[in-house]
Amino acid sequence: DAIRDVHVKGMIYEWIEKDMEHYILHREEIYAVLKRLVRHNKKVFLITNSPFSFVNKGMIYMVGKNWRDLFDVIIVKADKPAFFTDRRKPFRRLDEKGSMQWDRINSLEKGKIYKQGNLFDFLQLTGWRGSKDLMLRHGWRTGAIVPELETEIRIINTEQYMHSLTWQQALTGLLERMQMYQDAESKQVLKEWMRERQELRSITKNLFNPQFGSIFRTYHNPTYFSRRLIRFSDIYMASIGCLLNYDINFTFYPRRTPLQHEAPLWMDQLCTGCMKTPFLGEMVHIR
């Protein structure tokens with residue numbers, strides 16, 4: 001309720017505008033990505049729930065005063081997610097002062113600012129269609145920007161993390177395979193392995209954050225955030241600048257994620273170092 005109210009009442013926009021350097025990232029790669037898309041004749045449009053005054057100040061800070069030249073269509077106060085489902089709200093144009101004009105909109109022109117509207121009119125007025133994938137309603141693929149990913153990747157590439165995870169996987173394999181031995185000596189060994197494994201799980205978790213660990217994983221399970229991210233985004237990245245590492249026509253192909261009863265089919269789907277564990281080592285000979 002609090003987050004909704006500060007957005008609806010406009011307070012969050014006022015706070016951010018007063019200290020834009022603290023809240024908004026200014027990176028040259030943002031302009032570079034947009035300019036690259038324009039140079040390759042890609043259709044680039046902006047649909048946001050924010051008011052134009054806030055968008056204009058933010059984009060000038062991030063991209064430059066001519067930011068509007070980079071977009072074919074600009075829509076503010078779109079009222080997402082209703083924008084995607086409610087056909088009743090028409091587009092209205094805003095003048096340079098931000099006042100709404102009541103003329104009927106028959107086309108969406110470059111350089112003009114539009115308010116509200118809906119997806120169905122947007123597709124009809126532009127004639128733009130995305131992929132012909134039958135699984136997609138409008139042919140749109142979605143991507144998410146997760147700045148925290150940069151820190152998470154840095155951590156998982158540390159020697160401490162890789163060592164902890166590798167040994168944790170090894171212990172898990174040993175426990176799974178050797179739990180059938182129930183004599184007193186074996187039980188004691190299994191107990192020690194379980195204790196050590198739990199310590200390693202805590203160490204690995206605390207490398208990210210002592211309070212709640214990684215934002216993507218709770219021990220071996222994905223977090224609620226991670227599940228929602230995967231549900232609504234086809235791809236995610238730390239910064240839009242990550243796209244500069246790929247050709248403009250590069251395609252990201254989804255990997256087949258093994259289910260609980262399936263063995264990993266590709267080597268890059270196996271966890272770092274887990275081939276050292278006995279039960280996964282045997283899978284090599286099955287391939």
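It should be noted that the structure appears before, not after, this text.
First things first, this report covers the structure right here in the doc. Just so we're clear, the structure is a prediction, and the values are computed from it rather than from any experiment.

## A few points about the overall build of the chain
Okay, step 1: When helices and strands are tallied, the chain shows 11 helices and nine strands.
Okay, step 2: A buried classification covers 32% of the 287 residues belonging to the chain.
Okay, step 3: Counted over contacts in the chain with a minimum sequence separation of 6, partners at least 24 positions apart contribute 61%.

## Focus on the sheet that holds strand E4 (residues 100-101)
Okay, step 1: In space, the five strands of this open sheet follow the order E1-E2-E5-E3-E4, with mixed pairing throughout. Each edge of the open sheet carries a strand with a single partner, namely strand E1 (45-47) and E4.
Okay, step 2: Bridge analysis of E1 against strand E2 (residues 73-76) gives three bridges, and the strand direction is parallel. The partner of Ile 47 across the bridge, within E2, is Ile 75.

## Observations concerning the packing of aromatic side chains
Okay, step 1: For the coordinates displayed, the defined rule picks out 17 aromatic pairs.
Okay, step 2: Residues Phe 122 and Trp 140 carry aromatic rings whose centres are separated by 6.3 Å and whose planes lie at 90 degrees to one another, so their mutual orientation is edge-to-face. Of the two residues, Phe 122 sits in helix H6 (residues 119-126) while Trp 140 sits in the loop between H6 and strand E6 (143-145), which places them 18 residues apart along the sequence.
Okay, step 3: Following the ring pairs from residue to residue traces out a cluster consisting of Phe 45, Phe 83, Phe 84, Phe 91, Phe 122, Trp 128 and Trp 140.
Okay, step 4: Lying across the ring of Tyr 219, Arg 201 places its NZ or CZ 4.2 Å from the centre.

## Remarks on the environment of Ile 203
Okay, step 1: Following the sequence through the fold, Ile 203 ends up in helix H9 (residues 184-206).
Okay, step 2: In sequence terms Ile 203 and Ser 164 are 39 residues apart; their C-alpha atoms lie 7.6 Å from each other.
Okay, step 3: Leaving out residues up to four positions away in the same chain, Ile 203 has contacts with Gln 160 and Ser 164.

## Considerations on the pattern of salt bridges
Okay, step 1: In this structure the tally under the stated criterion is nine salt bridges.
Okay, step 2: For Glu 192, the salt bridge is made with Arg 195, and the minimal N-O distance between the two is 3.0 Å. Of this pair, Glu 192 and Arg 195 both sit in helix H9, three residues apart, which is roughly one turn of that helix.
Okay, step 3: Classification of Glu 192 as partly exposed rests on a relative accessible area of 34%.
Okay, step 4: Arg 195 sits in the partly exposed class, given a relative accessible area of 42%.
Okay, step 5: For the salt bridge of Glu 199 with Arg 195, the shortest nitrogen-to-oxygen distance reads 2.7 Å. You can see Glu 199 and its partner Arg 195 sitting in helix H9, four residues apart, about one turn around the helix.
Okay, step 6: One network of salt bridges, in which partners are shared, links Asp 1, Arg 4 and Asp 5.

## Let's talk about helix H4 (residues 28-39)
Okay, step 1: With 12 residues, H4 should reach 16 Å at 1.5 Å per residue; the first-to-last C-alpha distance of 17 Å fits that figure.
Okay, step 2: Here H4 has its buried residues at Ile 30, Val 33, Leu 34 and Arg 36. Looking straight down H4, one finds that the buried residues subtend no more than 160 degrees of arc, so they occupy a single side. Away from the buried face of H4 by more than 90 degrees, exposed residues Glu 28 and Arg 39 are located.
Okay, step 3: Its buried side turned inward, H4 meets helix H5 (52-62).
Okay, step 4: Backbone geometry just downstream of H4 places Asn 41 in the positive-phi region, at approximately 60 degrees.

So, how was this worked out
- Residues numbered from 1 in each chain as written.
- Predicted model: local features only at pLDDT ≥ 70, side-chain atom pairs only at ≥ 80, totals over all residues.
- Heavy atoms only, no water.
- Helix = DSSP H or I, 4+ residues; strand = E, 2+ residues; numbered from the N terminus.
- Buried < 20%, exposed > 50% of the residue type's maximum accessible area, 1.4 Å probe, protein only.
- Contact = heavy atoms within 4.5 Å.
- Pairing = 2+ DSSP bridges.
- Phe/Tyr/Trp six-rings, centres within 6.5 Å; stacked < 30°, edge-to-face > 60°.
- Lys NZ or Arg CZ within 6 Å of the ring centre and 35° of its normal.
- Salt bridge = Lys/Arg side-chain N within 4 Å of Asp/Glu carboxyl O.
- Expected span 1.5 Å × (residues − 1).
- Arc of directions from axis to C-beta.

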